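Structural description and commentary
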Amino acid sequence: MKTSRPARWSLRVVALGYLIALLGTPVVLILWRTFEPGLGTFLASVKTPAAISALNLSLLIVAIVVPLNVIFGVVTALALVRGRFRGRGLLQAVVDLPFAVSPVVVGVSLILLWGAGGWFGALDRAGFKVIFGLPGMVLATLFVTLPFVVREVEPVLHEIGTDQEQAAATLGANGWQTFWRITLPALRWGLTYGVVLTVARALGEFGAVIMVSSGFAGVSQTLTLLVHARYVDDQNTYGAYAAATLLMGLAVLTLLLMSVLNRKRRTT
Amino acid sequence: MTATASAGLAGGTHVSPAEPRPGPDSLVPHHAPPAQRPSRGRPYATGLVTLWLSVVVLLPLAALAVTSTEDGWGGFWSALTAPSALAALRVTVLVSAVVALLNAVMGTLIAWVLVRDDFPGKGLVNVLIDLPFALPTIVASIVLLSLYGPDSPIHVHFNATRYGLVVALAFVTLPFVVRSVQPVLIEADKEVEEAAASLGAGGVTIFRRVILPTLAPAMISGTGLAFARAIGEFGSVVLIGGNIPRHTQVASQYIQQQIEIDQPVNAAVISVALLVIAFATLFLLRIASSRSLRRETAS
């Protein structure tokens, strides 16, 4: 459409104005408020014992969730693409389910299953704390990150088909050899992409985790819980800004990684 | 970056009409793969997958559903219709609808400017659109509070108001409409618009009669996904919303409160209500998208 000059200009001004008010200014402002007192202040704020332990806990959760998602994600994708069984459509729907569930609802569901009064409450009463412990936070993160690896690996499996695998089998490779030498290398970029999404979401998850965490500083606080606790409980606004900036840095890193991986995927 | 992939980052659901590959959502009909070698059958793999999905996803949701009816249907009904519960649901749906409409208009406008306009820094703006999906929701909350909260340098105080809710939800749902309209606009046939213009149609007429019908399916799907995401949102509204019962308390905050005061059945009932609203939205979207697909193939 040939838009007149003034019309084009006003559309541009409205669109950019909206983005600046909603996105640009708040982000710049928080960066300015974080770094205005100097880099030293920022570093001191993100190196307090509570912050270090929050970072460690977040990384620990990532370290548990990622391998589980990789193994079960690839197996699930294989079953969904290659398997011919009743209820495959149902499994497809279940894999997508976490995207439609509110994080708080995830937390409530886990409490009702694993909590002291829940279906598996006997475990809790026997002293194995799931809710208000690390297993609860891991389960919450697993729930919300479950679809990523499956959904990134699945299209690649569709695309590569089974010709190469069959060729390898004809040449005498056994199932494991075929998987390690043919299937897995073909999946690598899709898998990496899925892992990046999983890591980003695991580090950033808040609603599901706060429901199942006891939230003690230095014990059961993840990075996102730290941001919340500093702002609400400690009235430490600067500390919240600094921790939020740290998380924002990780998010931007994810964005960059994703665009690099996307280019790689398209060329290989 | 594909919107489909990033949508899930923040827990959203996404359907991208311009994307042929099966995206991470149940809305896109999953195309059956071309008939490959009949599987030799790996029953243990299928069993393993079923077990995994059950433990991680299905059992918790089953516990939720069963708990919600623990006090019978009467109990379910009275928990659902408790005044503060109804108020929370009403605020949630109302604010989410406003945000979804805001997204429909502004998202389409932004997509238009990104595709048809040219200005220095456009590439950067294009990348920034995805930021809300990559940013943890609690960070979104803090970021918005720094401008619209108590320390606002421009003296705009949205904290503990419904405007605060709108701003927070508009922030986290920004990419949905932009990213679903953008590819359609890129593919759209400019010649039809030019033909309309040469026949004397004005800008508004062309937009209404030519562009809008092309974009409508993408706009509807983006708007619906933004709505589905908004009703369950927690992290981004938890700080700026203020959690004032019957005013700015959204359903997710009400659920959290019920857990804190040890009323798990109430929490489960409202959780089920939220799930039903989300599923109904996604179901309607699926019907709409398959209908527009059919119309496309018919014409």
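Model, not experiment: these values are computed from the prediction.

Rules and cut-offs
Residues numbered from 1 in each chain as written. Chains lettered and ligands numbered in written order. Predicted model: local features only at pLDDT ≥ 70, side-chain atom pairs only at ≥ 80, totals over all residues. Helix = DSSP H or I, 4+ residues; strand = E, 2+ residues; numbered from the N terminus. Buried ≥ 20, exposed ≤ 12 C-beta atoms within 10 Å, placed from the backbone. Contact = placed C-beta atoms within 7 Å. pLDDT = per-residue confidence, 0-100. Domains from an automatic or database assignment. Nonpolar A, V, L, I, M, F, W, Y, C, P; charged D, E, K, R; others polar. Axes fitted to C-alpha atoms, helices over the stretch in contact; angles between N-to-C directions. Parallel < 35°, antiparallel > 145°, perpendicular 65-115°, else oblique. Left-handed = near helix turned anticlockwise from the far one by under 90°. Bend = angle between axes of the 7 residues up to and from the residue.

Okay, the overall build of chain A next. Secondary structure assignment for chain A yields 12 helices and zero strands. Order of helices (α) and strands (β) in chain A, N terminus to C terminus: α-α-α-α-α-α-α-α-α-α-α-α. For chain A, buried positions account for 46% of its 268 residues.

Across its full length, chain B carries 12 helices and zero strands. Listed by position from the N terminus, the elements making up chain B come as α-α-α-α-α-α-α-α-α-α-α-α. Across the 299 residues in chain B, those meeting the buried criterion constitute 51%. The contacts in chain B between residues at least 6 apart in sequence include a share of 77% that link residues at least 24 apart.

Residues and elements named next belong to chain B. Per-residue pLDDT for chain B averages 85, and the proportion of residues at 70 or more is 86%. This model gives residues 1-40 a pLDDT under 50, and the stretch forms 109 contacts once residues within four places in sequence are excluded. Here the prediction assigns the complex a pTM of 0.88, and the interface score ipTM is 0.90.

With that settled, consider the environment of D96 of chain A. All names here are of chain A. Mapping D96 onto the fold places it in helix α4 (residues 88-100). Looking at D96, the number of C-beta atoms within 10 Å reads 24, which means it is buried. The spacing of D96 and A200 is 104 residues in sequence and 18 Å in space, taken between C-alpha atoms.

Our next topic: unusual backbone geometry. Residue and element names in this part refer to chain B. With a phi close to 60°, A160 is a non-glycine residue in the positive phi region. Positionally, A160 belongs in the loop between α7 (137-148) and α8 (162-187). Unlike most non-glycine residues, D262 shows phi in positive territory, near 60°.

Moving on, we come to the domain arrangement of chain B. Residue and element names in this part refer to chain B. What the domain assignment reports for chain B is domain 1 (40-69) and domain 2 (72-298). Between the C-alpha centres of domain 1 and domain 2 there is a distance of 30 Å. With five residues of domain 1 at the contact, the number on the domain 2 side is nine residues. Within the side of domain 1 that touches domain 2, the residues separate by chemical class into two nonpolar, three polar and no charged.

Residues and elements named next belong to chain A. If you check the domain split of chain A, you get domain 1 (1-36) and domain 2 (40-267). Taken over C-alpha atoms, the centre of domain 1 sits 33 Å from the centre of domain 2. On the domain 2 side, the residues contacting the five residues of domain 1 number five residues. Its residues assigned to classes, the side of domain 1 that touches domain 2 shows three nonpolar, one polar and one charged.

Contacts between the two partners involve 84 residues from chain B and, on the opposite side, 90 residues from chain A. Per-element accounting of the side of chain B that touches chain A gives the leading share, 15 residues, to helix α2 (residues 43-68) of chain B. The residue inventory of the side of chain B that touches chain A, partitioned by class, reads 58 nonpolar, 18 polar and eight charged.

Bringing the packing of helix α5 (residues 103-114) of chain A against helix α12 (residues 264-298) of chain B into the picture now. One way to put it is that α5 of chain A packs onto α12 of chain B with a least axis distance of 10 Å and a crossing angle of 135°. Relative to α12 of chain B, the element α5 of chain A is oriented oblique. Of the two possible hands of crossing, α5 of chain A and α12 of chain B adopt the one that is left-handed. Contacts from V105, V108 and L112 of chain A of α5 of chain A reach α12 of chain B at P264, A267, A268, S271, L274 and L275 of chain B. Per-class residue counts for the contact of α5 of chain A with α12 of chain B are eight nonpolar, one polar and no charged.

Moving on, we get to the packing of α5 of chain A against helix α7 (residues 134-160) of chain A. Residues and elements named next belong to chain A. Two elements in contact, α5 and α7, have axes whose closest approach is 10 Å; the angle formed by their N-to-C orientations is 130°. Taken together, the axis directions place α5 and α7 in an arrangement best described as oblique. The way α5 lies across α7 gives a crossing that is right-handed. The segment α5 lies against α7, with P103, V106, G107, L110 and W114 engaging G136, L139, A140, F143 and V144. When grouped by side-chain class, the residues that make up the contact of α5 with α7 number eight nonpolar, two polar and no charged.

Where helix α1 (residues 5-35) of chain A bends most, at I20 of chain A, the angle is about 50°. Three or more residues of α1 of chain A are buried, namely A15, L23, P26, V27, I30 and T34 of chain A. Elements in contact with the buried residues of α1 of chain A: α2 (39-46) and α12 (237-267) of chain A together with α4 (83-116), α5 (122-128), α6 (131-134) and α7 of chain B.

Turning our attention to the environment of I71 of chain A. On the secondary structure map, I71 of chain A appears in helix α3 (residues 49-82). Sequence separation between I71 of chain A and V104 of chain A is 33 residues, and the spatial gap between their C-alpha atoms is 27 Å.

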